[in-house]
Every structure is written in structure tokens, then in C-alpha cells.
Amino acid sequence: MNFDPTINFEAIATVLAAIVALVVYCLHRKDEKKKASIILLSEIRDAEQAIKDLQITNTVSDFTSVLNENHWKGYQYLFATSLDSDEVELVKNFYKSCEVIEKQLSLIKGYLPLTLQHKALISQEKLIELADRTSTVDEFNIEKTRILDRTFWPNQEIFTPYGPQTKLFSYINKVQFVISSSAGTKLKKIANAPWYRIFI
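Residues numbered from 1 in each chain as written. Predicted model: local features only at pLDDT ≥ 70, side-chain atom pairs only at ≥ 80, totals over all residues. Heavy atoms only, no water.

Peer 1: Would you mind going over the overall build of the protein chain with me for this structure?
Peer 2: Along the protein chain, the regular secondary structure elements total 6 helices and 0 strands. When the helices and strands of the protein chain are read in sequence order from the N terminus, they spell out α-α-α-α-α-α. The burial tally for the protein chain puts 30% of its 200 residues in the buried class. Contacts in the protein chain between residues at least 24 apart in sequence constitute 84% of all its contacts with a sequence separation of at least 6. Accessible surface for the protein chain amounts to roughly 13,500 Å². Of this, 59% is attributable to carbon and sulfur atoms. (Helix = DSSP H or I, 4+ residues; strand = E, 2+ residues; numbered from the N terminus. Buried < 20%, exposed > 50% of the residue type's maximum accessible area, 1.4 Å probe, protein only. Contact = heavy atoms within 4.5 Å. Areas by Shrake-Rupley, 256 points an atom, 1.4 Å probe, with all protein chains shown as cover.)

Here it is in C-alpha cells:
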């Protein structure tokens, strides 16, 4: 039986090329997955902290937000084999809850400018009435300060629509957090995986 070294070399080269291609693909996939887990962890931590702040303060301002962007929608396919079905459902429901909370926040914040505008109108009416019934500038200034302090007192409760506010605090008290769960532990493990681990 004749041995053809050319054929054997070509076969070995083909196998090596396939192995190299597989390793490159796995490394790229690992890098993509690691970056995605870091982004998700940062996003989830920020959202959980924002929700905790809302639970403590019960206060909504123009800057209140829990989720600026949902990266889970674009990255969830990367974690199909890393998270079990319950963990995937937990993360998915967390993001859904955040989106509902964000919607209620938008509705509430939409009323804030109207509230301030209404307060400004009331204060102007009060000041006009005050000007008519005060006899001196000093008396007017004293009463003006009292009226404005009562109308625009920084810590006073401002008007928020009952429906969105009720839904908002109903949702934030039911949200299941991710970071402290097994899903969060797995995401942290992926994010901290050493460079030499091909499969994560």
C-alpha cells in the first residue's frame, strides 16, 4: 500500500484550519458575551438602585429614571445556554417591570410642568390681591415672602396623578431583583471570567 504524504498533509491542514476557526469563533463569542454581561450588570445595578431610592423617598422629579435603555432585548440570545429558563424569565420580567415603571414615571413627570405653571399662576393672583390690601412696601414684601414660601416650599408634596402614581408604587414594591439572585451570580461569573477560558 502506497502512502501519499501530500494527501495526509492536506487532511491535517484542513483539520488544523477548522480547529483554529473554531477557537477564533469561541473567543469572539466569549468576548461578546463577557462585554454583554458587564453592560447588563451595570444597567441592572443602576435600575435596582433607582427602584430602591423610589421605595425610600416616594418622590418623583424631572430626573427620576430607572431604565434608559433595554440591552437585554439585544443580548439575551447570548445567555441561552448560561442561564436556565427560570433565570431567563427573572431577568426578562425585571426588564419588563422597569419599562412599566418608566412609563408611569413619564406620565407623572408630564404633570410636573403643569403643576409648576399652575402654582406660578396662583402666586401671581395672590400677589395682585396682596398689593391691593397692603398699605406699605415693607408690609407687602413680608406678606409676599410668606405667600411664596408657602406656595413653592421645596419639601412640600406636589401634585401627582393618582392613577400613574398608584401603579408606579405598586410595581416597585413587587419587582424581583436580579443582582442578588442566581442569575446575577452567573452574570458576574461570566463578566469576571479569565481571558484563557474559551467556554463561558
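Peer 1: I keep staring at the packing of aromatic side chains and nothing clicks. Help me out?
Peer 2: Two numbers describe a pair of aromatic rings. These are the distance of the centres and the angle of the planes. Counted by the stated rule, this structure contains 2 aromatic pairs. Here the aromatic rings of tryptophan 72 and phenylalanine 79 are separated by 6.2 Å at their centres, their planes lie at 20°, and the arrangement is stacked. Looking at tryptophan 72, the relative accessible area reads 2%, which means it is buried. When the centroid spacing of 5.9 Å and the interplanar angle of 90° are considered together, the rings of phenylalanine 94 and tyrosine 95 count as edge-to-face. (Phe/Tyr/Trp six-rings, centres within 6.5 Å; stacked < 30°, edge-to-face > 60°.)

Peer 1: Mind showing me how you'd approach the confidence of the model for the protein chain here?
Peer 2: Fine structural detail should not be taken from predicted coordinates in areas where pLDDT scores are low. Confidence in the prediction of the protein chain, expressed as mean pLDDT, is 80, and 73% of residues score 70 or more. Contacts from residues 154-158, a stretch scored under 50 in pLDDT, to residues over four places away or in other chains number 6 contacts. (pLDDT = per-residue confidence, 0-100.)

Peer 1: How do you make sense of helix H6 (residues 182-191) when you look at a structure like this?
Peer 2: Structurally, the α-helix is built with 3.6 residues per turn, so residues lying three or four positions apart point the same way. What H6 keeps buried is the set Ala183, Gly184, Leu187, Ile190 and Ala191. Along H6, the residues classed as buried sweep out an arc of 120° about the axis, all on the same side. Taking the backbone nitrogen of alanine 183 as reference, a side-chain oxygen 3.3 Å away marks serine 181 as the first, capping residue of H6. (Arc of directions from axis to C-beta. Polar contact = N/O pair within 3.5 Å; in protein donor to acceptor, adjacent residues only side chain to side chain.)

Peer 1: Even after reading the chapter, I still don't get the pattern of salt bridges, so can you show me in this structure?
Peer 2: Pairing of side chains with opposite charge becomes possible as their charged atoms draw close. Going through the model one piece at a time under the given rule, you end up with 3 salt bridges. Of the charged contacts, one joins glutamate 99 and lysine 73 as a salt bridge, the two residues approaching to 3.4 Å between their closest N and O atoms. With a gap of 26 residues between them, glutamate 99 in helix H3 (residues 85-133) and lysine 73 in helix H2 (residues 72-75) connect regions that are remote in the sequence. By relative accessible area, glutamate 99 is classed as partly exposed at 32%. (Salt bridge = Lys/Arg side-chain N within 4 Å of Asp/Glu carboxyl O.)

Peer 1: Whenever I open this one, the nonpolar core confuses me. Can you help?
Peer 2: Burial of nonpolar side chains together is a common tendency in soluble globular proteins. Membership of the largest hydrophobic core comes to 33 residues, with the highest contact counts inside it found for Ile51, Val66, Phe79, Phe94, Tyr95, Ile101 and Leu168. Dropping the residues within four chain positions of it, valine 66 is found in contact with Ala47, Ala50, Ile51, Leu54, Cys98, Ile101, Glu102 and Leu105. (Core = buried A, V, L, I, M, F, W, Y, C linked by side-chain atoms within 4.5 Å.)

Peer 1: Please clarify how the environment of asparagine 141 should be interpreted in this entry.
Peer 2: Positionally, asparagine 141 belongs in helix H4 (residues 137-151). Distance in space between the C-alpha atoms of asparagine 141 and leucine 127 is 9.9 Å, their sequence separation being 14 residues.

Peer 1: Explain the environment of phenylalanine 177 here, please?
Peer 2: Relative to the helices and strands, phenylalanine 177 is located in the loop between helix H5 (162-172) and H6. As for phenylalanine 177 and arginine 45, which are separated by 132 residues in sequence, their C-alpha atoms are 9.2 Å apart. In contact with phenylalanine 177, not counting residues within four places along its chain, are Glu48, Ile51, Lys52, Leu90 and Phe94.

Peer 1: It is not clear to me how the side chain of threonine 64 should be interpreted in this structure. Could you clarify?
Peer 2: Along the polypeptide, threonine 64 turns up in the loop between helix H1 (5-57) and H2. Residue threonine 64 is classed as buried on the basis of its relative accessible area of 14%. Not counting chain neighbours up to four residues away, the residues in contact with threonine 64 comprise Leu54, Thr59, Leu105 and Lys109.

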